[in-house]
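Descriptive analysis of the structure
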Amino acid sequence: DWMERQLLQQAKEAFVSGRARPLEFRLQQLHALQRMIMEKETEISTALKQDISRSQYDTPLLELISIENEIKLAIEKLAQWAAPRPVEKNLFTISDEVYIQPEPLGVVLIIGAWNYPWALTLIPLVGAIAAGNAAVVKPSELSKCSSLLLHALLPCYLDKDLYPVVTGGVSETQQLLRLRFDHIFYTGGSTAGKLVMEAAARHLTPVTLELGGKSPCYIDKDCDVRTACRRVTWGKFVNCGQTCIAPDYILCEPCIQGQVVEFIRETLLEFYGADPKCSPDYGRIINQEHFNRIMSLMEGYTPVVGGQSDSSQWYIAPTVLKDVPPHSRLMQEEIFGPLLPIVTVSDMEDAINFINEREKPLALYIFCSDQKAIKRMIEETTSGGVTVNDVMMHYTVSSLPFGGVGQSGMGRYHGKHTFDQLSHQRACLIRSLKMERVNLARYPPQDRRRARRVRMALRSPLIDTSKRTLIWAVVATILGIGLFITLLVILLIAAGLNCTCWYWRGFYN
C-alpha cells in the first residue's frame, strides 16, 4: 500500500507542477510512445506469444496498428481538440466571450485487460496524455510477460513521475482502488467492474467501464450465408475467442442452421488446417482457471464442430454447438472462449425479441441484405455498437465512440472520444465591466417593463456570433442605434427576418 500511495503522490505532484499541460510536452510524450511501439514491436510480439500463444503476425494487426493510429490521430488533432470551443450566445451574453475549455482532470488510473494487454492499456493512456493528465497504469497480472515488459519499457520512453506503471495482482489493484484518483478507466469483466465502481463511489470518482457481455450475431436466411460464416469464424476464433466484442452466439432460422455449421467447418479447415492445435495462427486460453470455466460450459453438449481440448496446453479447439436452449448456462454468461452456440429463432422479429429480453450487449452483428430489415433491427435493439455484414470492424474506426451501454459498460473512447472522456469540459464566460445598462433589466426594483425585457431576452433563440449576426450587431452599434435596437436587429437576422411585430411592441411598450 505504501508503494502505491507513493507513486500516486509523485504523479499528483508532477501534475500540479503543470508540466503535463503545455501542448508541446503532450506531443513530445505521444511521439515517445509512438517510438516505443515501433522500436519494441518484436519484444511485444514475443511477450504475447508467451502469454496467449498469439501469432507474431497477429499482434501488429490486432493491437499495435490500432495504438499507432490513435497516437497519430492525437498528434495531428491535439491543437484542435484542446482549443477553446466557442458556443452560441443569448441576448444577455451577446457581447461576452463564451466558450468551452477542455482541461485535464488530474491523475487517471488505467486498469488494463489481459486479452489485448497493449491496446486496452495504451489507447486510454494516449487519451490521458493528450488531455494533459497524469496516469497510473495497472496492466493485468494474467498477461504476465506483457505486464513485466510494459513496466520495463514505459519509464524508458515516458515521464517516470507522470506515468508510473504498477504491476501485481488483485491485492495491488485493490490497494490502488482505495486511493483517490480523478478518473478510473477500467477494462475487464462486469463482476470486477462493479467492484471498481463501488470503490470509485467512495471518493465520488468518475469511471469509464469497458466491460463485455454476450454479443449476438443474427444471420438472415436470405443473405450470403457462406460469406457471413467466413467473417463470423474469423471474429469468433481470433485470439482463441478471448475478445470482448467477439460474436458470442449466433441467431438464425432452423432452415439455415445446417448450412451455417458446414460453412463454419469449411472455413476453420481453411484458416487453421485439419488440426488447429498445430496451427501457428491459433492461440491458447490464458490460464487453467479460464480453461476449466470454458470446458464446464460445454458439459452436456455434443459439439457438431471441434470440441477437442488439451489441459496441459490450455488448448480448446474451435467449437460449434447447435440447437442450444435459450435458457442454458451456456447462454447465461459471456463465453470469452472458442465456443460458438447456435440458437434458432423463427424470424427476425423473434431474434429482436430474444436480444431485447437480455442485457444490452457491447456489440450487435447483423448479416442481412435487406436494407429495411437492417434498419428495423438497428432501430428496435440497443447495443454499445453495431456492425452490419461483418464483425468487430467498428472498433477499428477511431472516429466512432467505442463503449458499452447498461451492463456492458459506461463511457466511451477512441480518438477524440478518449480525449473528451478524460477532460473536464469547463464552461467559461468572460465579460467586461462596461455596458452596465445591459444589466439594468435584471436588477431590482423590478417593474412591468423590466420584467418584459428580461423575459424576451431569455426567450430569444441562441445566436451564433461567428456568422453574419455578429457583423450586423457591430454595424448597428457603430451607427449609434440604441442597445435594445441593436439586440432587435440581431434577433431579426437570427430568425431570418421572419419575426412579427410583437418584438417591436415588446421593446417599446
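All values reported here derive from a predicted model rather than from experimental measurement.

This part takes up the overall build of the chain. The helix and strand inventory of the chain stands at 18 helices and 16 strands. For the chain, the spread of C-alpha atoms along the three principal axes comes to 85 × 55 × 40 Å. Expressed as a percentage of contacts within the chain between residues at least 6 apart in sequence, the contacts between residues at least 24 apart total 71%. Averaged over its 54 positive side-chain charges, the chain has a centre that lies 12 Å from the centre of its 53 negative ones.

In this structure, the second largest pocket occupies an estimated 540 Å³ of space. In terms of lining, the second largest pocket is formed by 25 residues, of which the most central are Leu61, Leu62, Trp234, Met392 and Thr396. Elements supplying a minimum of two residues to the lining of the second largest pocket: α4 (58-82), α5 (119-130) and α10 (254-272). In terms of residue count, the dominant contributor to the lining of the second largest pocket is α4 (7 residues). Its residues placed into classes, the lining of the second largest pocket shows 16 nonpolar, 6 polar and 3 charged. Inspection of the lining of the second largest pocket shows a minimum of three residues originating in each of domain 1 (1-211 + 414-426) and domain 2 (216-407).

On the basis of which strands lie adjacent, the open sheet formed by 3 strands has the order β1-β2-β16 and antiparallel pairing. The open sheet has two edge strands, β1 (85-86) and β16 (423-430), and neither has a second partner. The pairing of β1 with strand β2 (residues 97-104) spans 2 bridges and is antiparallel. Counted as the bridge partner of Arg85 is Ile100 from β2.

Bringing empty space enclosed by the protein into the picture now. Scanning the entire structure with this criterion turns up 5 cavities of 30 Å³ or more. Here the second largest cavity is characterised by a volume of approximately 60 Å³. Surrounding the second largest cavity, Ile52, Ser53, Arg54, Ser55, Asp58, Asn239, Cys240, Gln242, Asp281, Tyr282, Gly283 and Arg284 form its lining. Classifying every residue of the lining of the second largest cavity by side-chain character gives 3 nonpolar, 5 polar and 4 charged. Each of domain 1 (1-211 + 414-426) and domain 2 (216-407) accounts for three or more of the residues forming the lining of the second largest cavity.

Tallied over the full model, the rule gives 20 salt bridges. We note a salt bridge from Lys40 to Glu43, for which the minimum N-O separation is 4.0 Å. Residue class for Lys40 comes out partly exposed when judged on its relative accessible area of 22%. Across the pair Arg230 and Glu270 runs a salt bridge, and its minimum N-O distance is 2.7 Å. In this pair, Arg230 is assigned in helix α9 (residues 225-237) and Glu270 in helix α10, connecting sequence segments 40 residues apart.

This paragraph deals with the pairing of strand β4 (residues 134-138). In terms of burial, β4 is a largely internal element, 5 of the 5 residues being buried. Burial along β4 is two-sided: Ala134, Val136 and Lys138 and Ala135 and Val137, pointing in opposite directions, are all buried. Bridging between strand β3 (residues 107-111) and β4 involves 5 bridges; their strand directions are parallel. Note that in β4 the partner of Val108 across the bridge is Ala135. For the crossover that starts at β3, traverses α5 and ends in the parallel β4, the hand is right-handed.

What follows concerns the UniProt feature "domain: Aldehyde dehydrogenase" (unreviewed entry) in the chain. Here the UniProt feature "domain: Aldehyde dehydrogenase" (unreviewed entry) sits at residues 7-425. Each end of residues 7-425 is marked by a C-alpha atom, and these two atoms are 27 Å apart; helix forms 42% of the span and strand 15%.

We now examine the side chain of Ser398. Mapped onto the elements of the fold, Ser398 is located in the loop between β14 (385-388) and β15 (409-410). Side chain to side chain, Ser398 and Glu70 meet in a polar contact 3.0 Å long. Sequence-distant contacts of Ser398, that is, excluding residues within four places in its chain, are made with Glu70, Leu73, His414, Gly415 and His417.

Let us now look at the packing of aromatic side chains. This structure, assessed with the given rule, holds 9 aromatic pairs. Ring geometry for Trp81 and Phe419: centres 5.7 Å apart, planes at 45°, overall tilted. Note that Trp81 is positioned in helix α4 and Phe419 in helix α14 (residues 416-421), a separation of 338 residues in sequence. Each member of the pair, Trp81 as well as Phe419, carries the same accessibility label: buried. For the pair Phe402 and Tyr413, a centre-to-centre distance of 6.0 Å together with 75° between the ring planes defines the contact as edge-to-face. With Phe402 in the loop between β14 and β15 and Tyr413 in the loop between β15 and α14, the pair connects residues that are 11 residues apart, well separated along the chain. Residue Phe402 is classed as buried on the basis of its relative accessible area of 4%. When the ring centre of Phe354 is taken as reference, the NZ or CZ atom of Arg358 above it lies at 3.6 Å.

Parameters at a glance
- Residues numbered from 1 in each chain as written.
- Predicted model: local features only at pLDDT ≥ 70, side-chain atom pairs only at ≥ 80, totals over all residues.
- Heavy atoms only, no water.
- Helix = DSSP H or I, 4+ residues; strand = E, 2+ residues; numbered from the N terminus.
- Contact = heavy atoms within 4.5 Å.
- Lys, Arg positive; Asp, Glu negative; His and termini not counted.
- Charge placed at Lys NZ, Arg CZ, Asp CG, Glu CD.
- 1 Å grid on protein atoms, 1.4 Å probe; cavity = no way out; pocket = protein on both sides within 12 Å on 5 of 7 lines; lining within 4 Å.
- Points joined across faces, edges and corners; volume = space filled by probe spheres on them.
- Nonpolar A, V, L, I, M, F, W, Y, C, P; charged D, E, K, R; others polar.
- Domains from an automatic or database assignment.
- Pairing = 2+ DSSP bridges.
- Salt bridge = Lys/Arg side-chain N within 4 Å of Asp/Glu carboxyl O.
- Buried < 20%, exposed > 50% of the residue type's maximum accessible area, 1.4 Å probe, protein only.
- Right-handed = clockwise from strand over helix to strand, strands pointing away.
- UniProt positions renumbered as here; feature names shortened; annotations may be inferred.
- Polar contact = N/O pair within 3.5 Å; in protein donor to acceptor, adjacent residues only side chain to side chain.
- Phe/Tyr/Trp six-rings, centres within 6.5 Å; stacked < 30°, edge-to-face > 60°.
- Lys NZ or Arg CZ within 6 Å of the ring centre and 35° of its normal.

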